[in-house]
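Each chain is listed here by its residues.
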Amino acid sequence: MPNFSPPVPGRAHSNGLNELNLVLMHPGDSGDAVRVIQTRLAQLGFHQGAIDGHYGSITQRGVAAFQRANGLYSTGLVDHPTLTALGYQVDTAAQSAHRPLANTVQIEAVVKLFPDAPINNIRSYLPLVVRALGERGLGDKPMILMALATIRAETASFAPIHEFQSRYNTAPGGSPYALYDFRADLGNNATGDGARFKGRGFIQLTGKYNYTQYSQKLGLNDLLLRQPDLANDPVIAARVLAAFLKDKESTIRKALNAGDLATARKAVNGGTHGLDAFKLTFQKGNQLAGIA
């Protein structure tokens, strides 16, 4: 099985490429890694376009068709399960060790902010989060800390998760998440919408309205409406987080510049849930070297 991992100086890859550095790909990417995927898809009959190293709509459709044919989530995004199904060995350890993060975001520094998170979660998901932030122009220290503090408040384990049942979403003896059904502020308008569009991901995306909006913002059409569990896919979860913060950027930056962490948190959560963890993470991170 060929090795599909970032280049390590002085080591040749068994697939013959020594500049293969994009392990997780989506529309807009380009380079040798995309060309390798296009070639493999063409060999399997799933790519009908040019082998040009550009991840456009043709490549996305080919990836999605391959995923459907192999029982995978049909996202059109190249993730670890897709690479494995294509016949590549994904070297996640090499990815964590050798793939650079934005500027100087160091895993060792982030570990200090997440005492309850398995280190492998941080190694696996931090590069995705930092990359997604960079793509939205949010790669500076205040916005990176905003993202990290948000993740700490929403999922202390540094992993995309689904919302747990609580008195806020489920009535005693009632159906799970039924209190979210017909919530106009969430865009829910049917029985079962609460459970279907419960909170997911790094930012706990909630409600049919948000699933609709961010599916479109990510270029996924209505995919998150049809398959809402994909909001927990690490690549998608990271991109949703970055897109959400970008939408609230003006309010967040104004609050951060004023030292008003409560308002910055409210811009994302709408309230004070997780505020203590959010403040602690942001303030501690601001004192650490190794974060942007």
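Structural data are supplied above this passage.
The rules behind each value
Starting from 1, residues in each chain are numbered consecutively following that chain's sequence as written. Totals for whole chains, interfaces and linings use all residues, but because this is a predicted model, local features are given only for residues with pLDDT of at least 70 and pairs of side-chain atoms are given and counted only at 80 or more. To obtain the side-chain values, all non-hydrogen atoms of the structure were used and water was disregarded. Any carboxyl oxygen of Asp or Glu that lies within 4 Å of a side-chain nitrogen of Lys or Arg is treated as forming a salt bridge with it. A helix here means a DSSP run of H or I that spans at least four residues, while a strand means a run of E at least two residues long, and both kinds are numbered starting from the N terminus. Here's how the labels work: a residue is buried when its accessible area is under 20% of the maximum for its type, exposed when over 50%, partly exposed in between, all with a 1.4 Å probe on protein chains only. Put simply, the grid is 1 Å and covers the protein atoms alone, a cavity is a trapped set of points that fit a 1.4 Å probe, a pocket is an open set with protein on both sides within 12 Å along at least five of seven lines, and lining residues have an atom within 4 Å of a point. Grid points are joined across faces, edges and corners, and a volume is the space filled by probe spheres set on the points. Side-chain classes follow a simple rule in which Ala, Val, Leu, Ile, Met, Phe, Trp, Tyr, Cys and Pro form the nonpolar group, Asp, Glu, Lys and Arg form the charged group, and the remainder, Gly included, forms the polar group. Between rings of Phe, Tyr and Trp, where Trp is taken as its six-membered ring, a pair exists when centres lie within 6.5 Å; planes separated by under 30 degrees are stacked, by over 60 edge-to-face, and by other angles tilted. Working rule: Lys NZ or Arg CZ, within 6 Å of ring centre, within 35 degrees of ring normal, means a charge sits over the ring. A contact between two residues is defined here by any heavy atoms of the two lying within 4.5 Å.

### Re the pattern of salt bridges
- All told, the structure shown has twelve salt bridges when counted by the stated rule.
- Residues K217 and D247 are paired through a salt bridge, measuring 3.4 Å at the closest nitrogen-oxygen approach. Here the residue K217 occupies a position in helix α9 (residues 208-217), and D247 occupies one in helix α11 (residues 234-247), the gap between them amounting to 30 residues.
- By relative accessible area, which is 38% here, K217 ends up partly exposed.
- A salt bridge links K246 to E249; the nearest nitrogen and oxygen atoms lie 2.9 Å apart.
- For K246, a relative accessible area of 32% translates into the label partly exposed.
- For E249, a relative accessible area of 16% puts it in the buried group.

### Brief notes about the layout of surface pockets
- The space that makes up the largest pocket amounts to roughly 840 Å³.
- Of all the elements in the fold, those that place two or more residues in the lining of the largest pocket are β3 (161-162), α9, α11 and α13 (261-269).
- Classifying every residue of the lining of the largest pocket gives twelve nonpolar, eleven polar and six charged.
- Volume-wise, the second largest pocket comes out at about 200 Å³.
- Lining the second largest pocket are 15 residues, and of these D79, H80, P81, D233 and P234 sit closest to its centre.
- Elements that contribute at least two residues to the lining of the second largest pocket include exactly α3 (80-86), α6 (119-135) and α11.
- With five residues, the single largest contributor to the lining of the second largest pocket is α6.
- In terms of residue class, the lining of the second largest pocket is made up of eight nonpolar, five polar and two charged.

### Digging into the packing of aromatic side chains
- Inspection of the entire model under this criterion finds seven aromatic pairs.
- Ring plane angle 25 degrees and centroid distance 6.5 Å describe the contact between F278 and F282, whose orientation is recorded as stacked. Residue F278 and its partner F282 are both found in helix α14 (residues 275-287); the two are separated by four residues, about one turn of the helix.
- Residue F278 is classed as buried on the basis of its relative accessible area of 0%.
- Following the ring pairs from residue to residue traces out a cluster consisting of F114, Y125, F158 and F202.
- In this arrangement the basic side chain of K217 is found over the ring face of Y214, its NZ or CZ atom lying 5.7 Å from the centre.

### Comments concerning the side chain of T281
- Note that T281 resides in helix α14.
- Ignoring anything within four residues of it in the chain, the contact list for T281 reads L113, L148, A149 and R152.

### Some thoughts on unusual backbone geometry
- The backbone phi angle of F158 is positive, close to 55 degrees, even though this residue is not glycine.
- Structurally, the position occupied by F158 is in the loop between α7 (141-154) and β3.
- Phi is positive for Q204, which is not a glycine, with a value near 60 degrees.
- The buried category is assigned to Q204, whose relative accessible area is 14%.

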